[in-house]
Amino acid sequence: MGSTDTTILQNGDSIHQNGKITQNGNVENFKNIDLKEINGGNTKIENPNNDVENEIRIEYNWPSGTGPDKLRPTDNIHTSVPDGCVKIRNSFEIDTKPISVPTLVNEAVERWGDLPALGTRIEGAGWDIVNFRQYREDVRTVAKAFIKLGLERYHSVCILGMNSKEWFYADIGAIHAGGFAAGIYTTNSPDACLHCLKTSYANIAVVENDMQLQKILKIRDQVPDLKAIIQYTGKPSDSSVLSWQDLMDIGSKESDEKLDEIIDSLAVNECCSLLYTSGTTSLPKAVMLSHDNLIFNAKMAAKYLDMEPGNERILSYLPLSHAAAQAADLFMGLVCGGCVYFGDKNVLKGSMVDNLKAMKPTILFGVPRVWEKIKEGLETAEKKSSRVKQFLFYHARAAGLAHYKAVSEGYVGESFSYKFFKRLVYGKVKEALGFDQCRTYLSGAAPIPTEVREFLTSLDMPVTEAYGMSETSGGHFISKSPDLDLNAIGRTFPGTRSKIDQPDENGNGEICMYGRNVFMGYLNDPEKTEEALDSDGWLHSGDLGKINKNSFLQITGRIKELIITAGGENVAPALIELAVKTEIPIISQAVIIGDRRKYLSMLATLKCVINMETGVPQDELSPESKVWLKSIGASQYKTVSEIVEKKPAEVYKAIEEGIKRVNDNAISQAQRIQKFTILPKDFSLATGELGPTMKVLKRIVFVKYEKEIEELYQ
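The structure presented is a predicted model; accordingly, all values stated were derived computationally and were not measured.

Trainee: In this structure, what is going on with the packing of helix α2 (residues 132–148) against helix α7 (residues 257–265)? I would like to understand it.
Mentor: Two measures define how a pair of helices packs: the angle their axes make with one another and the distance between the axes. Interhelical geometry of α2 versus α7 gives an angle of 95° and a closest axis separation of 10 Å. If you check the angle between α2 and α7, you find them roughly perpendicular. Contacts between α2 and α7 pair Arg140, Ala143, Lys144 and Ile147 from the former with Lys258, Leu259, Asp260, Ile262 and Ile263 from the latter.

Trainee: Which parts of the structure should I look at to understand the sheet that holds strand β9 (residues 180–184)?
Mentor: Note: strands within a sheet are paired through backbone hydrogen bonds, in either parallel or antiparallel orientation. Ordered by their spatial adjacency, 8 strands build an open sheet running β12-β11-β10-β8-β9-β13-β14-β24, and the pairing between neighbours is mixed. The open sheet has two free edges, formed respectively by β12 (242–243) and β24 (521–522), since each of these has just one partner strand. As judged from the 5 bridges shared by strand β13 (residues 271–276) and strand β14 (residues 286–290), these two strands associate in the antiparallel manner. Bridge pairing in β14 places Leu275 opposite Val287.

Trainee: Help me out: how do you make sense of helix α17 (residues 623–631) in this one?
Mentor: Because an α-helix packs 3.6 residues into every turn, residues spaced three or four apart end up facing the same way. Listed in full, the buried residues belonging to α17 are Glu624, Ser625, Trp628 and Leu629. Down the axis of α17, the smallest arc covering the buried residues is 135°, so these residues share one side. Packing partners of the buried residues in α17 comprise α11 (368–384), β32 (617–621), α18 (640–646) and α19 (649–664). Count one or two residues on from α17 and you reach Gly633, which has phi positive near 75°.

Trainee: Would you mind going over the pairing of strand β11 (residues 228–231) with me for this structure?
Mentor: Every regular strand shows the same layout, with side chains that alternate between the two sheet faces. Here β11 shows no split at all, with Ala228 and Ile230 on one side and Ile229 and Gln231 on the other all buried. Here strand β10 (residues 202–207) pairs with β11 via 4 bridges, running parallel. Bridging from a neighbouring strand, Val207 pairs with Gln231 of β11. You can see the chain leave β10, run along helix α5 (residues 210–219) and come back into β11, and the turn it takes is right-handed. Across 2 bridges, the pairing between β11 and β12 is parallel. By the bridge assignment, Gln231 is partnered in β12 with Ser243.

Trainee: Help me understand the side chain of Asp460, please; the structure alone is not making it clear to me.
Mentor: By the secondary structure assignment, Asp460 is in the loop between α14 (450–457) and β19 (463–467). Among the polar contacts made by the side chain of Asp460, one reaches the side chain of Tyr404 at a distance of 2.6 Å. One polar contact links Asp460 to Tyr418, side chain to side chain, over a distance of 2.6 Å. Once residues lying within four places of it in the same chain are set aside, the contact partners of Asp460 are Tyr404, Tyr418, Lys422, Tyr426, Lys430 and Tyr441.

Trainee: Can you help me understand the sheet that holds strand β29 (residues 587–593) in this one?
Mentor: If you trace the 3 strands from one edge of the open sheet to the other, you get β29-β30-β33, paired in mixed fashion. The open sheet has two free edges, formed respectively by β29 and β33 (673–678), since each of these has just one partner strand. Taking the axes of each pair of neighbouring strands and ignoring which way they run, one obtains an average angle of 25° across the sheet. Direction of pairing for strand β30 (residues 600–606) relative to β33: parallel, over a ladder of 5 bridges. Across the sheet, residue Leu603 finds its bridge partner in β33, namely Thr677. Against the sheet, helix α16 (residues 573–583) touches β29, β30 and β33, its axis set at about 150° to β29. Together, β30 and β33 form the strand contacts of α19, whose direction differs from that of β33 by roughly 145°.

Trainee: For this particular structure, what's the right way to read the pairing of strand β15 (residues 313–316)?
Mentor: Taking every second residue as pointing to the same face, both faces of β15 are buried, with Arg313 and Leu315 on one and Ile314 and Ser316 on the other. In the classification by handedness, the crossover that spans β15, the intervening helix α9 (residues 323–336) and the parallel strand β16 (residues 339–342) is right-handed.

Trainee: Help me understand helix α12 (residues 387–408), please; the structure alone is not making it clear to me.
Mentor: In a regular helix each residue adds 1.5 Å, so 22 residues correspond to 32 Å; α12 covers 32 Å between its end C-alpha atoms and thus fits that length. Looking at α12, one finds that the buried residues are Phe393, Ala396, Ala399, Gly400, Leu401, His403, Tyr404 and Val407. Looking at the buried positions of α12, the neighbouring elements they touch are α11, α13 (416–433) and α14. Looking one or two places after α12, you find Gly410, whose phi comes out positive at around 105°.

Trainee: Is there a simple way to think about the nonpolar core in this case?
Mentor: Across soluble globular proteins, nonpolar side chains have a tendency to be buried as a group. Residues Tyr135, Phe146, Val206, Trp371 and Phe435 are the most contacted members of the largest nonpolar core, which totals 125 residues. Among the elements that take part in this core, α9 stands out by supplying 9 residues, more than any other. Ignoring sequence-local partners within four residues, the contact set of Val206 consists of Phe146, Val157, Cys158, Ile159, Leu160, Ala170, Ile230, Tyr232 and Trp244. Leu606, Cys608, Val651 and Tyr652 belong to the second-largest nonpolar core, a separate cluster that totals 31 residues.

Trainee: For this particular structure, what's the right way to read the packing of aromatic side chains?
Mentor: Aromatic ring pairs are defined here through the distance separating the ring centres and the angle between the ring planes. Taken as a whole and judged by the stated rule, the model has 21 aromatic pairs. Judged by centre distance (5.1 Å) and plane angle (90°), the ring pair of Phe168 and Phe342 falls under edge-to-face. Of this pair, Phe168 sits in helix α3 (residues 165–176) while Phe342 sits in strand β16, and the two are 174 residues apart along the sequence. For Phe168, a relative accessible area of 1% corresponds to the buried category. With a centroid separation of 6.4 Å and an interplanar angle of 65°, the aromatic rings of Trp371 and Tyr441 are classed as edge-to-face. Here the residue Trp371 occupies a position in helix α11, and Tyr441 occupies one in strand β18 (residues 440–443), the gap between them amounting to 70 residues.

Each value, and the rule that gives it
- Residues numbered from 1 in each chain as written.
- Predicted model: local features only at pLDDT ≥ 70, side-chain atom pairs only at ≥ 80, totals over all residues.
- Heavy atoms only, no water.
- Axes fitted to C-alpha atoms, helices over the stretch in contact; angles between N-to-C directions.
- Helix = DSSP H or I, 4+ residues; strand = E, 2+ residues; numbered from the N terminus.
- Parallel < 35°, antiparallel > 145°, perpendicular 65-115°, else oblique.
- Contact = heavy atoms within 4.5 Å.
- Pairing = 2+ DSSP bridges.
- Buried < 20%, exposed > 50% of the residue type's maximum accessible area, 1.4 Å probe, protein only.
- Arc of directions from axis to C-beta.
- Right-handed = clockwise from strand over helix to strand, strands pointing away.
- Polar contact = N/O pair within 3.5 Å; in protein donor to acceptor, adjacent residues only side chain to side chain.
- Expected span 1.5 Å × (residues − 1).
- Core = buried A, V, L, I, M, F, W, Y, C linked by side-chain atoms within 4.5 Å.
- Phe/Tyr/Trp six-rings, centres within 6.5 Å; stacked < 30°, edge-to-face > 60°.

Bear in mind that shape data such as this cannot, by itself, settle questions of function.
Have a look at this one:
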């Protein structure tokens, strides 16, 4: 049997799809609706009667499918049990038939079998390339080995390590074998690893090296379901641990019969992957994602970004345990036939440009800190260049920004100055960065300062934004050039819906999302599942936002991070923190304090040099900080400790003036920063204040700097 579904379109909805329509009333009386490509026609409401409320129902049947592409019958819109299944939400993309991950792999092989799929950098020897055909063969070998080692249906393979082809094989192999793929952040402590292993019913743990292995060995006696541990680089120090070659040898000796039986038992509306939330406010929750969640999300993103089948190159370097990296690397690579290249171990410690130049990506997804570092590097290079080059750089940026602002407003064409600088400046800058073939520059996982987007866009690298959650399989809002707004994120993904719940007088409310990319539920946590998903299947994000006049989403805060002052006023700290970093270039991180306090205060860190081996912030100030200090007549200061201990008047005065500029734009007295303190060290992954996607873990900061916070209120 298939699955019958009905979409009810309310006033204000807009769709682009093919389907059968039954109407309650006259379509001409429906306001603010643009209906295109309905039943092959082209219908647009030119003069709607805005006084008439109406609704249109779109009804369709999902094909039943066979084998792994079948739908298990259910009326559930969410579930929290490991072997549960859910009804597929309406998508407005009827032609996007639900398929399973094994079918996606098979289709990739059929279309692009001999094209490069995965690239691993070999020091001094270029790239080791695996094509799609070999990719599938290795995945199946790994899946057969997992089954032989005792992987059970609806149990997990936990993967702990840096990005690599083995990470991909373990993830996709676990899904083929009927289990869950579950990534663990490499920065997790043994106790945090234990939480993931136990809550996901882990039968197998795959680790990168001895450092990660020791975490698992320390807690493996507390994981009753754990049957095997595999290490994919180096020789295991424990004889009970299998090497990657051991795993491949086991799988190569097994027949395909058992694996094919398990693949045939899969269904597109059951869980195949677990993504753990960052745990910024509580223990990480296991987000259950179905085959259809993951594949639909990747297909819609690839469609919107106009990705070229068989002609994309993607750099994989962000943690694969994060939703955005899995969507961009694991699944969009399979959807569009792109080759995924794995960055070296220092890609986030200084070798990013070297990696980019070696593989020349056509698309780069980065967290804001990646784009900030690129901007800072270009600014430093500009300061060191001749006056003539600085003059050209300045005017090139002005022409570039003017071009993209004109394009975003509908202007078609290129001005003379833009064409001139495109040849003289933009091309050379992009070539120096490895971006000479890049078409898409995408930022996500956290808010990016507008000034960073403007700077890079002015050099013909239009950085667009995406917004989503683990619970939306990665993305739900996205933008692309030339359809971009430098002060907002983007539009709703194709085939999905969004709304602002309970908006205030300024249009701010909770961002809610709906679509086939929205998750199934939290594993074994029905209470949290029902908090996140309402009875109609809408996901309540916990983030505050509004839709601007261009139909772009703007993030204005987070409900759980809202500060409620002693006077009862709600303050969203995220926007204030971004404004501080924009106004005061020496500040690396800003954390606003003030919950149940009489006024707002701020913890600030300064930009400094990072140890490329350990990732630990050093005492020496960064080149960008030194340039700023020189601009205020304080070039004699070279270290963070000098500024923290000596508190030079000119430095503190300049910071206070920056804070005053931020305060001048505050909408009320309660939104103003009254006091601040500079911390002795910047935040980092290594020291625990930043999460894997470089978000500040405020619960850690508040505990670590409790003394400094209390001093601000004495």
